[in-house]
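# Commentary on secondary and tertiary structure
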Amino acid sequence: MNARPTTSMPPLGGFLYQPWESHTTRLANHRPGSPVAVISARGHIDASNADTLTEYTLGHLTGCRGLIVDLRGLNFFGTEGFSALHRVSVCCALPGIGWAVVPSEAVSRVLRIGDPQGLLPAASTLDEAMAIIQCQRHRPPRPSRATETPDKPRDANARCA
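These lines cover the structure that appears in this document, whether it is placed above or below. (Residues numbered from 1 in each chain as written. Predicted model: local features only at pLDDT ≥ 70, side-chain atom pairs only at ≥ 80, totals over all residues. Heavy atoms only, no water.)

Next up on the list: the overall build of the chain. Scanning the chain from terminus to terminus reveals four helices and five strands. The secondary structure elements of the chain, listed N-terminal to C-terminal, are β-β-β-α-β-α-β-α-α. For the chain, with 161 residues in total, the buried portion stands at 43%. Summarising the internal contacts of the chain: among those between residues at least 6 apart in sequence, 65% fall at separations of at least 24. Total accessible area computed for the chain in this model is approximately 9,100 Å², and 55% of it derives from carbon and sulfur atoms. (Helix = DSSP H or I, 4+ residues; strand = E, 2+ residues; numbered from the N terminus. Buried < 20%, exposed > 50% of the residue type's maximum accessible area, 1.4 Å probe, protein only. Contact = heavy atoms within 4.5 Å. Areas by Shrake-Rupley, 256 points an atom, 1.4 Å probe, with all protein chains shown as cover.)

Another point: the nonpolar core. Of all hydrophobic cores here, the largest spans 30 residues; its most connected members are Leu-67, Leu-71, Phe-77, Leu-85 and Trp-99. Contributions of two or more residues to this core are made by β3 (36-45), α1 (50-59), β4 (66-77), α2 (79-93), β5 (98-103) and α3 (105-114). In terms of residue count, the dominant contributor to this core is α2 (six residues). If we skip the residues at most four places from it in the chain, Leu-71 touches Ala-41, Phe-77, Leu-85, Val-101, Val-102, Pro-103, Ser-104 and Val-107. (Core = buried A, V, L, I, M, F, W, Y, C linked by side-chain atoms within 4.5 Å.)

Following both chains from N to C, one finds α1 and α2 inclined at 20°, their axes separated by 8 Å at the closest point. One way to sum up the angle between α1 and α2 is to call them roughly parallel. Once α1 is placed against α2, the crossing between them reads as right-handed. Counted together, Ala-50, Leu-53, Thr-54, Glu-55, Thr-57 and Leu-58 of α1 and Glu-80, Gly-81, Ala-84, Arg-87, Val-88 and Cys-91 of α2 form the full contact between these two elements. Classifying every residue of the contact of α1 with α2 by side-chain character gives six nonpolar, three polar and three charged. (Axes fitted to C-alpha atoms, helices over the stretch in contact; angles between N-to-C directions. Parallel < 35°, antiparallel > 145°, perpendicular 65-115°, else oblique. Left-handed = near helix turned anticlockwise from the far one by under 90°. Nonpolar A, V, L, I, M, F, W, Y, C, P; charged D, E, K, R; others polar.)

Shown next, in the form of structure tokens:
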């Protein structure tokens, strides 16, 4: 069963510590005077905490015009982490929030397998991620392939913050 995030978010620059088995994942939000939130993760992302990464990230989208998910501090990234990034991508696309991920080598390996076309916006540095976000702002939001219709309601598991 995936760990549930806490209902209260730490202050800007605060950290969320949560022990899982033999490792710790540390999440932080950095947004000093910027409309772009930077969510950093260190440690491991796997089945036990991928939902926490998603919820923590989506919980910081309010009032943002951009999002950078800095995963350079991860030394393990399971396939559930890829699902977390996909959900973040969908939830950013709906309101037109530009976003990018800065992967570690472990994250890059999973992205090469799970996203061979390179559709998720990945950057090698924070500056490059910021440039990607700036380019996304000049493009109209992409229409969702899974649009809600009366005969096909939106999947409750795909909900955004």
